[in-house]
Structure formats: C-alpha cells, structure tokens
Amino acid sequence: MGAASKRQAVFCQLCGRRIVGKGRSFRHETWPEGVTLSICAACERDKPRCQRCGLPLAAPSASGLCETCRASLPVCLACGRPVTGKSLEFDGIGPYCLDCYRTRPPCDICGAPLTDERWQLSDGRISCQHCQASAVFTPDVAGALYDQMKKAVFSQLGFELNIPTGLALVDRNQLKEVIRLQTEDKPVQSAGHQDLDPERTLGIYARRGMRRGIYIQTGLPRMLFLQVAAHEYAHAWQGENCPILSDRLVHEGFAEWVAYHMIGYYGYRDSQERMLARQDGYGRGLKWALGLEQSQGAQTVVDACRNMA
Ligand SMILES: [Zn+2]
Ligand SMILES: [Zn+2]
Ligand SMILES: [Zn+2]
Ligand SMILES: [Zn+2]
Ligand SMILES: [Zn+2]
C-alpha cells in the first residue's frame, strides 16, 4: 500500500486532498494540547467558518457552529436543542430557548415552557417537572420551611403570632373536610373566604374552638407551598389581631402582600411578577398593600390591617 512511504504526507482534514505547499493548522481553544485541524489553502479560503470560534467547517452547519462549539452550548430544558441565541430562565432555572417560550404553554407555577412531563394540581394549575421535583410531601420538610418562613416574616415585615399555630400537610379530601367544617362552624370568621372553592383551594387557616391550624395540601411545589403558607400565616395573624376585619381588599390584600414578600425573600422573582399581574381581588389587594408600603412603610400596612378591625 505504500503506507510507509506516505507517512510524511499531510492530507487536508476537510477535503481529504494532499496538502501541497503551506497548509494551515487550526485549533479549538478547548482541544487538548497537540490536537489540531490541518487544512489546505483552498479550504482555508473557501470553507464556511464557525460563527463562534472561527474554525473552518467541512460543510455549512445549521447552527453555524463547529461540533465543539455546538457540544459546549447549553441545551434548552424543554426541547433539548442547543441554545444558540438568547435564552431565558424561570425562577432561576434554565436555559429555555425563545422558540419554546413562544410556542409552548407556560407552567402555572414558574412560567417556564411546559413539556410532556407535567402535573395538574387540584386547583387546576399545571406544573412543570422542575416545579414538581421540589414538591413538599413530608411533615419534616413542611415544618422546616414553615419555621424558616415565620422567622423571615418577623425579620422582614415585623410581626409574629402570639398563639401557637401549627401547620399540617393534608391530602385533598382532608382539606375539603377542614374547609367544610370551617365554613359551617364560623360563617362570620370565614367572611374573607366567601368564594372559597373546596375543589380549588390549596390551603386554609382554620379555627375550631381553641385549636388553630394552617392546613396545606400535600405535594405542592416548594414555591407554591411557601406562597400558600405565608398567605395563610397572614390570615392567622389577622385571626389574632383583627378577627372581625371584613374589608375583603384589606383581608386578602394583606395576605397576598405577606406571600409576595416571602416568595421574593426566597428568590422567586418571576412568581412575584405573576402575583402582581392578577386582575382579581387578590391582585388589587396586593397592589393596595404595596402602594401603602411604598409611601409609608411596611409597618403602616400591618397597622392598617390591625386598625381597620
Ligand atoms: Zn482542503
Ligand atoms: Zn466553533
Ligand atoms: Zn427549546
Ligand atoms: Zn414550573
Ligand atoms: Zn386568603
């Protein structure tokens, strides 16, 4: 075959022709020392280049990138394709490509583009796999998050409960039962929850006699658990400090305001945006409270609630 005699010959690694005269060697900065791409002068002149590193390509590539650059690109978490242009993150998780963002329905918890791996929560919301992966299923995890949240409410917003109020994880049917007992027991107490739909409610603060508790549906994604726990914790504080408060805007607005600050404290900025975007009584109440806080401080919001009772 004459292999021995041709050992010194150098062939262009793109077109395969023997390099006569001066060839050129290219190297990707991530390649190991000594690994090069040797090509002929014609290829150096004519071949398309990687748009990222300038390496000559054997043929034009759809991404405009060489294999090495392509392989080093982050991959969209929804469609699995390399993200070449701008990418997005949702509540700190990404990247997602713009294509997926534009064409796929969003996760109701974090706003990320949904894939086939999705879960429907009992209130009708659809959650993505990343939100689902953080779901709170055990009393230990729930209790630890609740304790942490109570401390954060105190340090950030300056109030706490005087009467011990536990938190219990319950399944959907247990939660429905708590809601049923609460609404038949104390029609006045639950004035703020007039439109409470047992099928779509994820948590409730309930009082029966001396017993007080926050009941939260098991399996909620962490962000939603915190949002619901903080909202109901605020209602628990109202139950202690302004039990006959009947102004719905203040009642729910205060609870949403506390939840808004808590999920912000935990870094869920996109989720805060979605709370603000609500056009219903919850969204209006939140805007009322934030407006008051902006002009007169957080303590004024707490006092407004207390004094309106
Ligand atoms: Zn060549
Ligand atoms: Zn490249
Ligand atoms: Zn994608
Ligand atoms: Zn999600
Ligand atoms: Zn509420």
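Criteria and cut-off values
Residues numbered from 1 in each chain as written. Chains lettered and ligands numbered in written order. Predicted model: local features only at pLDDT ≥ 70, side-chain atom pairs only at ≥ 80, totals over all residues. Heavy atoms only, no water. Phe/Tyr/Trp six-rings, centres within 6.5 Å; stacked < 30°, edge-to-face > 60°. Helix = DSSP H or I, 4+ residues; strand = E, 2+ residues; numbered from the N terminus. Buried < 20%, exposed > 50% of the residue type's maximum accessible area, 1.4 Å probe, protein only. 1 Å grid on protein atoms, 1.4 Å probe; cavity = no way out; pocket = protein on both sides within 12 Å on 5 of 7 lines; lining within 4 Å. Points joined across faces, edges and corners; volume = space filled by probe spheres on them. Nonpolar A, V, L, I, M, F, W, Y, C, P; charged D, E, K, R; others polar. Donors = N, O, S within 2.8 Å, 3.2 Å for Na, K, Ca; no water. Tetrahedral: all angles 85-135°; square planar, octahedral: opposite > 155°, others 65-115°. Pairing = 2+ DSSP bridges. Arc of directions from axis to C-beta. Contact = heavy atoms within 4.5 Å. Expected span 1.5 Å × (residues − 1). Axes fitted to C-alpha atoms, helices over the stretch in contact; angles between N-to-C directions. Parallel < 35°, antiparallel > 145°, perpendicular 65-115°, else oblique. Left-handed = near helix turned anticlockwise from the far one by under 90°.

Trainee: Residue-level account of the packing of aromatic side chains, with values.
Mentor: Both the distance between ring centres and the angle between the ring planes are used here to describe each pair of aromatic rings. A complete count under the given rule lists nine aromatic pairs for this structure. Aromatic pair F159 and F254: ring centres 5.5 Å apart, planes at 40°, arrangement tilted. Here F254 lies in helix α8 (residues 248-265) and F159 lies in the loop between α5 (139-157) and β7 (166-170), a separation of 95 residues in the sequence. With relative accessibility at 3%, the residue F159 sits in the buried group. Assessed through its relative accessible area of 0%, F254 is described here as buried. By the ring-pair criterion, three or more aromatic residues cluster together here, those being Y146, F159, Y233, W237, F254 and W257.

Trainee: With reference to specific residues and values, describe empty space enclosed by the protein.
Mentor: All chains considered together, the criterion is met by two cavities of 30 Å³ or more. Computed from the structure, the second largest cavity encloses a volume of approximately 30 Å³. Lining the second largest cavity we find L77, Y96, P113, T115, C128, Q129 and H130. Its residues assigned to classes, the lining of the second largest cavity shows four nonpolar, three polar and no charged.

Trainee: So what's going on with the coordination of the zinc ion (ligand 4)? Residues and values would help.
Mentor: Donor atoms from the polypeptide that coordinate the zinc ion (ligand 4) comprise C107 (SG), C110 (SG), C128 (SG) and C131 (SG), at 2.3 Å from the metal. For the zinc ion (ligand 4), the four donor atoms in the first shell make angles of 104 to 115° at the metal, so the coordination geometry reads as tetrahedral. Counting along the primary sequence, the residues that act as donors to the zinc ion (ligand 4) give the motif C-x2-C-x17-C-x2-C. Placement of the pair is C110 in the loop between α3 (98-103) and β5 (118-120) and C131 in helix α4 (residues 129-133), with a sequence separation of 21 residues. The class of C131 is buried, set by a relative accessible area of 9%.

Trainee: So what about the layout of surface pockets? Which residues, and what values?
Mentor: The volume enclosed by the second largest pocket comes to roughly 160 Å³. The wall of the second largest pocket is formed by 14 residues, among which D91, I93, H130, C131 and Y268 lie closest to the centre. Contributing elements (two or more residues each) for the lining of the second largest pocket: β4 (93-97), α4 and α7 (222-241). When its residues are assigned to classes, the lining of the second largest pocket shows ten nonpolar, two polar and two charged.

Trainee: Describe the coordination of the zinc ion (ligand 2), naming the residues involved and giving the relevant values.
Mentor: Note on metal sites: the ideal angle is 109.5 degrees for four tetrahedral donors, and 90 or 180 degrees for six octahedral donors. In this structure, C50 (SG), C53 (SG), C66 (SG) and C69 (SG) serve as the protein donors to the zinc ion (ligand 2), at separations of 2.3 Å. For the zinc ion (ligand 2), the four donor atoms are set out with angles of 103 to 119° between them, so the coordination reads as tetrahedral. Classification of C66 by relative accessible area gives buried; the value is 3%.

Trainee: Let's hear about the pairing of strand β3 (residues 87-90): which residues, and what values?
Mentor: Covered by surrounding structure in β3 are L88 and F90 only, the residues S87 and E89 on the alternate face being uncovered. As judged from the three bridges shared by β3 and β4, these two strands associate in the antiparallel manner. Paired with L88 across the two strands is Y96, which belongs to β4. Taking the residues between adjacent antiparallel strands as the criterion, β3 and β4 are bridged by two residues, where D91 takes a positive phi near 45°.

Trainee: Lay out helix α11 (residues 298-308) with the relevant residues and their values.
Mentor: Within α11 the residues assigned to the buried category are V301, V302, A304 and C305. For α11, the buried positions fall inside an angular range of 155° around the axis, keeping them on one side. Where α11 is buried, its residues contact α5, α7, α8 and α10 (281-296).

Trainee: So what about α5? Which residues, and what values?
Mentor: Between its first and last C-alpha, α5 extends 26 Å over 19 residues, near the 27 Å set by a 1.5 Å rise per residue. Taken together, the buried positions of α5 are occupied by A142, L145, Y146, M149, A152, V153 and L157. Seen from one end, α5 has its buried residues packed into an arc of 130°, which puts them on one side. Opposite the buried face of α5, by more than 90 degrees, sit the exposed residues D140, K151 and S155. Those residues of α5 hidden inside the fold are in contact with β7, β9 (211-217), α7, α8 and α11.

Trainee: Explain the sheet that holds β9 to me, using residue names and the numbers behind them.
Mentor: Taken together, the three strands give an open sheet; going across it, the order is β7-β9-β8, and neighbouring strands pair in mixed fashion. Where the open sheet ends on each side, the last strands, each with one partner, are β7 and β8 (203-208). Across the sheet, the mean angle from the axis of one strand to that of its neighbour is 30°, orientation sign disregarded. Across the sheet, α5 is in contact with β7 and β9; its angle to β7 comes to roughly 145°.

Trainee: Which residues make up the packing of α5 against α7, and what values go with them?
Mentor: Where α5 meets α7, the axes come as close as 10 Å, and the angle between the chain directions of the two elements is 55°. Judged by the inter-axis angle, α5 sits oblique to α7. Here α5 runs over α7; the crossing is right-handed. Contacts between α5 and α7 pair A142, L145, Y146, M149, K150 and V153 from the former with R222, F225, L226, A229, A230 and Y233 from the latter. Classifying every residue of the contact of α5 with α7 gives ten nonpolar, no polar and two charged.

Spatial relationships are all this shows, so hold off on functional conclusions.
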